[in-house]
Amino acid sequence: MKRFLYVFLVMLMVIAGCSGGGDETKLSGEVNQIPEDKEAIAQADQLEVVAENLEVPWSINKSGETFYLSERPGSIVKVEGDNTERQKVSFKKEVSQAAEAGFLGFVLAPDFEQSNKAFAYYTYENGTGQFNRIVELTLNNGEWVEGKLLLDKIPSGRFHHGGRLKIGPDGKLYATAGDAATNPEIAQDLGSLGGKILRLNLDGSVPADNPFENSYVYSYGHRNPQGLAWSEDGKLYASEHGPSAQDEINLIQAGKNYGWPEITGGDTKQGMEAPIFHSGSDTWAPSGMAAYERKLYVATLRGNALREFDPAAKTTHEVVTGLGRIRDVIVDGDDLFFISNNTDGRGTPSEGDDKLYRVKIDQLR
């Protein structure tokens, strides 16, 4: 049932290892931290709880007035008005419960209202190892069933699965793939799918205009990218987890090398792209992201906040705090929806966690 959440949103000074509340950071080369003595902009009575009691939610989708949320253990939650329904997903492989793994990316097909189709990114294990795959799902009588396999054997490991799926303005399917943690050098290997942003046709074939011939690779040199968003002028941005802080927001261009593991944070090297933002000694652990009127809104896990980035002004600050870990965010009209992620084993769940929230974007400014 929808209800308003009354919480006090307070600003914290930035502390090592965690992005605190309300700081504003000016980024040009190395990060200069400029703490501000102001509260996060969103006020308690501006946040609405749309759904609660979610189980490690990962991706938000919205079709009309209905939400479909992926949950890492392997379910999809349908939220329609005051009604919440946990729907079964019949995967062909057992979903892995390894750290950070499971049912991750999930995006509805552009023609979902007619076709009942969607795309999923999930982790599985077999006799030869642990992998991620991208598949087509079809909704039939309240149950999702795996159909066509689009891409398999994306590297997986103990951590760093990537996992975000998005449909781009060009109608292509984009996927973020992590470096699988144990072999970071694969991020520089164009023969590997790990440590990349991948681009597929919706039937699983390689787009003819991809930057590398007969390859799904769109960009490379990534560590653990978890968010994708396109601005109104068509620019693609990605969020990425760095090593021990130095998290990144990157402007993604086809065929470019983003440096991992050879450069991090504000480092530079010929032929490699530096991020437009990085967290310096703070840890944001940025995940899902959305764009609205030339601003980026990014869910942060370790940062325990929803953070706004202004690529033109090169500034960032928190706009929502006090809810714990935030996993994903979407924009729908003038509303911004985001999900907490306190039940993932790394947070401290409150009563009713995890939750889907709504706030008016104008109230974040």
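Residues numbered from 1 in each chain as written. Predicted model: local features only at pLDDT ≥ 70, side-chain atom pairs only at ≥ 80, totals over all residues. Heavy atoms only, no water.

Before going further, it helps to examine the pairing of strand β21 (residues 286-292). Taking burial as the measure, the 7 residues of β21 include 6 buried ones, the bulk of the element. Two elements, β21 and strand β22 (residues 295-300), share 5 bridges in a ladder whose sense is antiparallel. By the bridge assignment, A291 is partnered in β22 with L296. What sits between β21 and β22 in their antiparallel hairpin is a turn of 2 residues, with E293 showing a positive phi close to 45°. (Buried < 20%, exposed > 50% of the residue type's maximum accessible area, 1.4 Å probe, protein only. Helix = DSSP H or I, 4+ residues; strand = E, 2+ residues; numbered from the N terminus. Pairing = 2+ DSSP bridges.)

Quantified by volume, the largest pocket comes out at close to 650 Å³. Taken together, 28 residues make up the lining of the largest pocket; nearest its centre are V107, K166, I167, I330 and V331. Within the residue set of the lining of the largest pocket, elements represented by two or more residues are β5 (57-63), β9 (103-108), β13 (165-167), β17 (225-230), β21 and β25 (326-332). Taken together, the residues of the lining of the largest pocket break down into 18 nonpolar, 5 polar and 5 charged. Considered as a void within the structure, the second largest pocket measures approximately 460 Å³ in volume. Together, 24 residues line the second largest pocket, and E100, H241, A285, R325 and R346 are the ones closest to its centre. (1 Å grid on protein atoms, 1.4 Å probe; cavity = no way out; pocket = protein on both sides within 12 Å on 5 of 7 lines; lining within 4 Å. Points joined across faces, edges and corners; volume = space filled by probe spheres on them. Nonpolar A, V, L, I, M, F, W, Y, C, P; charged D, E, K, R; others polar.)

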